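# Remarks on the overall topology
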Amino acid sequence: QVQVVESGGGLVQAGGSLRLSCAASGSIVRVDAMNWYRQAPGKQRDFVAGITSGLSTSYSDSVKGRFTISRDNAKNTVYLQMNSLKPEDTAVYYCNAAVIIRSTYRLNDYWGQGTQVTVSS
């Protein structure tokens, strides 16, 4: 099986920074794309940023220029550096990993449990 675990959330003032981490572990052949999503109370889960195994990145317009996604392929870990945080960035942040697992050699999607980010004004 595969586990995806996020860390690094917390409370920060507007204009501050936080760094989220997400590690995939378990019976893994290879981790393909890794993405961050977020969900604010009463709203749908939205894409924030993504990175391929080849290190190509993409961002939502709302975070472009403020957030940076990166990854360490050797550790199956993805990071989200969040700068110039705004109150509207407050949400539960979820990590998503596309993983080829040993038992089937097929690509499966896995989600973490989420980490809360709260930005105070």
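First, a word on what this report is: a plain description of the structure on this page. Remember, predicted model here, so these are calculated numbers, not experimental data.

Turning next to the sheet that holds strand 8 (residues 77-82). Spatially, the four strands line up as an open sheet ordered 1-3-8-7, and their pairing is antiparallel. At either margin of the open sheet sits one strand with a lone partner, and together these are strand 1 (2-7) and strand 7 (67-72). Ignoring which end each strand starts from, the neighbouring axes of this sheet average 15° apart. By the bridge criterion, six bridges tie strand 3 (residues 18-26) to strand 8 in an arrangement that is antiparallel. Bridge pairing links Leu-18 to Met-82 in strand 8.

Summed over all chains, the structure comprises two aromatic pairs. The interplanar angle of 80° and the centroid separation of 5.6 Å between the aromatic rings of Tyr-37 and Phe-47 together place this pair among those described as edge-to-face. Of this pair, Tyr-37 sits in strand 4 (residues 28-39) while Phe-47 is found in strand 5 (residues 46-51), placing the two residues 10 residues apart along the sequence. Judged by its relative accessible area of 22%, Tyr-37 is partly exposed. Using a relative accessible area of 31% as the deciding quantity, one classes Phe-47 as partly exposed. When the ring centre of Tyr-94 is taken as origin, the NZ or CZ atom of Arg-45, which lies over that ring, is 3.6 Å away.

What counts and what doesn't
- Residues numbered from 1 in each chain as written.
- Predicted model: local features only at pLDDT ≥ 70, side-chain atom pairs only at ≥ 80, totals over all residues.
- Heavy atoms only, no water.
- Pairing = 2+ DSSP bridges.
- Helix = DSSP H or I, 4+ residues; strand = E, 2+ residues; numbered from the N terminus.
- Axes fitted to C-alpha atoms, helices over the stretch in contact; angles between N-to-C directions.
- Phe/Tyr/Trp six-rings, centres within 6.5 Å; stacked < 30°, edge-to-face > 60°.
- Buried < 20%, exposed > 50% of the residue type's maximum accessible area, 1.4 Å probe, protein only.
- Lys NZ or Arg CZ within 6 Å of the ring centre and 35° of its normal.

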